[in-house]
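So the chains spell out like this:
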Amino acid sequence: QVQLVESGGGLVQPGGSLRLSCAASGSIFSINAMGWYRQAPGKQRELVAAITRGGSTNYADSAKGRFTISRDNAKNTVYLQMNSLKPEDTAVYYCNADISRAIGVPSRDYWGRGTQVTVSS
């Protein structure tokens, strides 16, 4: 069993900051890429940022310059530092990880349950 648990969401005013965390636990052999997605009401889920095990990053245009993704491989945890938040950043944020559970077992995607981020005055 593998679990991804997000934390750090909440209500913040425009221009404010939040830091999301996602910890992976359970039967884990290795974690490849990890990332954050978001889904606003009535919209499709979209990639916000992703990071490889080696630390290479990829950001959506909307996140560039404002968000920073990082990870702690020893803790199986990925973070998303969000600064200069805008009302249009309001969404449920989901953690995603490509995880292999044992040697020789192909990796697959796992998802967290999501954490709500609301940007409003």
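This text gives an overview of the structure that appears in the document.

About the criteria used
Residues numbered from 1 in each chain as written. Predicted model: local features only at pLDDT ≥ 70, side-chain atom pairs only at ≥ 80, totals over all residues. Heavy atoms only, no water. Core = buried A, V, L, I, M, F, W, Y, C linked by side-chain atoms within 4.5 Å. Buried < 20%, exposed > 50% of the residue type's maximum accessible area, 1.4 Å probe, protein only. Helix = DSSP H or I, 4+ residues; strand = E, 2+ residues; numbered from the N terminus. Salt bridge = Lys/Arg side-chain N within 4 Å of Asp/Glu carboxyl O.

## Considering the nonpolar core
Line of reasoning, step 1. Among the nonpolar cores identified, the biggest contains 29 residues, and Trp36, Leu80, Met82 and Tyr93 are the most heavily contacted of them.
Line of reasoning, step 2. Elements with a minimum of two residues in this core: strand 1 (2-7), strand 3 (18-26), strand 4 (30-39), strand 5 (46-51), strand 7 (67-72), strand 8 (77-82), strand 9 (91-100) and strand 11 (115-119).
Line of reasoning, step 3. For this core, the leading source of residues is strand 9, giving five residues.

## Here's the deal with the pattern of salt bridges
Side-chain pairs of opposite charge can arise whenever the charged atoms involved come near each other.
Line of reasoning, step 1. Under the definition given, this model contains four salt bridges.
Line of reasoning, step 2. Salt-bridge contacts for Asp89 lead to Arg38; the nearest nitrogen and oxygen are separated by 2.9 Å. Residue Asp89 is found in the loop between strand 8 and strand 9, and its partner Arg38 is found in strand 4; the two are separated by 51 residues along the sequence. Just as Asp89 is buried, Arg38 falls in that class too.
Line of reasoning, step 3. When the shortest N-O distance is used, the salt bridge between Asp89 and Arg66 registers 2.7 Å. A residue pair is termed long-range when its members are at least 10 positions apart, and Asp89 in the loop between strand 8 and strand 9 and Arg66 in the loop between strand 6 (57-59) and strand 7 qualify at 23 residues. Each member of the pair, Asp89 as well as Arg66, is classed as buried.

## Here's the deal with unusual backbone geometry
Line of reasoning, step 1. At Asn76, a residue that is not glycine, the phi angle is positive and equals roughly 50 degrees.
Line of reasoning, step 2. In this model, Ser84 sits at a positive phi of 50 degrees, which is unusual for a non-glycine residue.
Line of reasoning, step 3. By the secondary structure assignment, Ser84 is in the loop between strand 8 and strand 9.
Line of reasoning, step 4. For Ser84, a relative accessible area of 41% translates into the label partly exposed.

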